[in-house]
Amino acid sequence: MIWYPYQQMKTMAPPIRVTDARGVYLYTEDTKLIDSVSSWWSVIHGYHHPVLDEAIRSQLDHFAHVMLGGLTHEPVEQLSAKLADWLPGDLDYCFFSDSGSVAVEVALKMALQFNTNRGSKRDTVLALTHAYHGDTFKTMEVGDDEDYHFAFGEKKGVIHIPTEIPALERAFAESGDRLTCFIVEPLLQGAGGMLMYDVSFLKRARELCDRYDVLLIFDEVATGFGRTGNRFVSDLVLPDILCLGKALTGGYIGHAVTVANKRVYDGFYSDDPPHALMHGPTFMGNALACSVALKSIQLFEEGNYPERIRRIEAITRREMAGFADPRVKEVRIMGGCVCIEVHDAVVLDGFKKFAYDRGVFSRPFLRYMYAMVPYVIEEEQLVKILDTMKAWFRR
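Residues numbered from 1 in each chain as written. Predicted model: local features only at pLDDT ≥ 70, side-chain atom pairs only at ≥ 80, totals over all residues. Heavy atoms only, no water.

One face of the sheet, then the other: side chains in a regular strand alternate in exactly this way. Most of strand 14 (residues 337-342) sits out of view: six of its six residues are buried. Every second residue of strand 14 is oriented toward a common face, with Cys337, Cys339 and Glu341 on one face and Val338, Ile340 and Val342 on the other, all of them buried. Following strand 13 (residues 328-334), the chain reverses through two residues before pairing antiparallel with strand 14; Gly335 in that reversal takes a positive phi of roughly 55 degrees. Bridge analysis of strand 14 against strand 16 (residues 368-371) gives four bridges, and the strand direction is antiparallel. Its bridge partner lying in strand 16, Glu341 is registered against Tyr368. (Buried < 20%, exposed > 50% of the residue type's maximum accessible area, 1.4 Å probe, protein only. Helix = DSSP H or I, 4+ residues; strand = E, 2+ residues; numbered from the N terminus. Pairing = 2+ DSSP bridges.)

Dropping the structure here:
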């Protein structure tokens, strides 16, 4: 029996059975649905893309996977070189894993051991209120969303602050000498409620991290590859460690990477064996994943994706202009993301079926009705999604 995610198995409605997927559409036995959430924000090029399909087939003619322990191969070498060239600053050192949560685990482990290796006793992580960084244990510890992590219990060694500069400055003044790192979802906090904030907060964070010798970690698993309207938020403010996943492979295969700068890498580069980073996911650097990731990046570069995303945002702002309802707390739009937050989660009960009946797959959560569409979406398809969202409040 399948144990489904984020569901009470006893009361859940039957899941929608997908028989095919092409472009922005999910196909069932009797209908087709526009995927408004890109399979948890990952399928940026749409489904069944011929270039990505061919990348998988071509690599499969050689081998699907070999471990990186003592072995290497061309796809992982090419992807590492491409990321080092493509990412800003000296974010050049790629540690691969198999999911975004693990990429963040690796980043937190890097930050802790970086300090241990240099003889520091720092032991505290600074994170954001409403943070969500994944569902593995350390990521839940630095997260701050009781709807996901209520079973975790007391969280020790973590300080959570809102995205307000006075709170940021106060945290560093009071605890800066104890911090190993400051981890953020930059500009857009995804699963914590599609919360959006200004880049000035991140710029000040960079200044304070430099002053207090604290590593700055950007979790761009969700925000990377254009979702905020920026290629990466790291292009605006440079972190010490960057986590990527989801859209890294165009949503084809689970894969992720934790990218460190030279200072962090040098903190492990030593004649002392215990200074090595003792971590190694079995499927890190998977050859199929690396091959499709390279082609996904190529599509992003050659397909004028920044302009596509600007167009998506412009259409969304146009269509949502003037929309209001007393049950709605706020409408938020950034890049390829739109969120309607309601005051009471009960308001959204039944919306998934409502959208299904109108040819849209949507998956609201808690008080948030949102869309994070594939970047290949056409205007008519996007307008249909937005009209469906608004129509729910006109019933």
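Right, picking up where we left off after that structure.
Running from N to C, helix 2 (residues 50-60) and helix 10 (residues 287-302) point in directions that differ by 150 degrees, and their axes come no closer than 9 Å. Between helix 2 and helix 10, the angle falls in the class roughly antiparallel. As for the relative orientation of helix 2 and helix 10, their crossing is right-handed in sense. Taking contact as the criterion, the partners of Val51, Leu52, Ala55, Ile56, Gln59 and Leu60 in helix 2 are, on helix 10, Ala287, Leu288, Ser291, Val292, Lys295, Ser296 and Leu299. Split into classes, the residues belonging to the contact of helix 2 with helix 10 amount to nine nonpolar, three polar and one charged. (Axes fitted to C-alpha atoms, helices over the stretch in contact; angles between N-to-C directions. Parallel < 35°, antiparallel > 145°, perpendicular 65-115°, else oblique. Left-handed = near helix turned anticlockwise from the far one by under 90°. Contact = heavy atoms within 4.5 Å. Nonpolar A, V, L, I, M, F, W, Y, C, P; charged D, E, K, R; others polar.)

Right, let's talk about helix 2 for a bit. The complete set of buried residues in helix 2 reads Leu52, Asp53, Ala55, Ile56 and Gln59. One face of helix 2 carries all of its buried residues, which in axial projection span an arc of 155 degrees. Lining the buried residues of helix 2 we find helix 3 (74-86) and helix 10. (Arc of directions from axis to C-beta.)

Strand order in the open sheet formed by seven strands is 4-12-11-10-7-5-6, with mixed pairing between adjacent strands. In this open sheet, the two edge strands, each paired with only one partner strand, are strand 4 (93-97) and strand 6 (158-161). Shown here is a sheet whose adjacent strand axes are inclined to one another by a mean of 20 degrees, direction ignored. Of the pairings in the sheet, the one linking strand 5 (residues 124-128) to strand 7 (residues 179-184) comprises three bridges and is parallel in character. Across the sheet, residue Leu126 finds its bridge partner in strand 7, namely Phe182.

Attention shifts here to empty space enclosed by the protein. By the definition in use, this model includes one cavity of 30 Å³ or more. Its boundaries defined by the atoms lining it, the largest cavity holds a volume of some 40 Å³. In this structure, the largest cavity is lined by Ile312, Thr316, Ile333, Gly335, Gly336, Cys337, Val338, Ala371, Val373 and Leu382. Of all the elements in the fold, those that place two or more residues in the lining of the largest cavity are helix 11 (305-320) and strand 14. Looking at side-chain class alone, the lining of the largest cavity contains seven nonpolar, three polar and no charged residues. (1 Å grid on protein atoms, 1.4 Å probe; cavity = no way out; pocket = protein on both sides within 12 Å on 5 of 7 lines; lining within 4 Å. Points joined across faces, edges and corners; volume = space filled by probe spheres on them.)

Below, the discussion takes up the packing of helix 11 against helix 13 (residues 379-391). The interhelical angle for the contact between helix 11 and helix 13, taken along N-to-C directions, is 40 degrees, at an axis separation of 10 Å. Considering the relative orientation of helix 11 and helix 13, their crossing is right-handed. For the pair helix 11 and helix 13, contact is made by Arg311, Ile312, Ile315, Thr316, Arg318, Glu319 and Met320 and by Glu379, Leu382, Val383, Leu386, Asp387 and Lys390, respectively. Partitioned by chemical class, the residues of the contact of helix 11 with helix 13 number six nonpolar, one polar and six charged.

Attention now goes to the nonpolar core. Ranked by internal contacts, the top residues of the largest apolar core, which has 124 residues, are Phe182, Phe225 and Phe393. Examining the composition of this core, we find that nine residues originate from one element, helix 4 (residues 100-117), more than from any other. Ignoring sequence-local partners within four residues, the contact set of Phe225 consists of Ile44, Trp86, Arg231, Phe232, Leu244, Gly245, Ala247, Leu248, Ile297, Phe300, Ile309 and Tyr375. Among the nonpolar cores identified, the runner-up in size contains five residues, and Leu52, Ile56, Val292 and Leu299 belong to it. (Core = buried A, V, L, I, M, F, W, Y, C linked by side-chain atoms within 4.5 Å.)

Function cannot be read off these values alone, since they describe shape.
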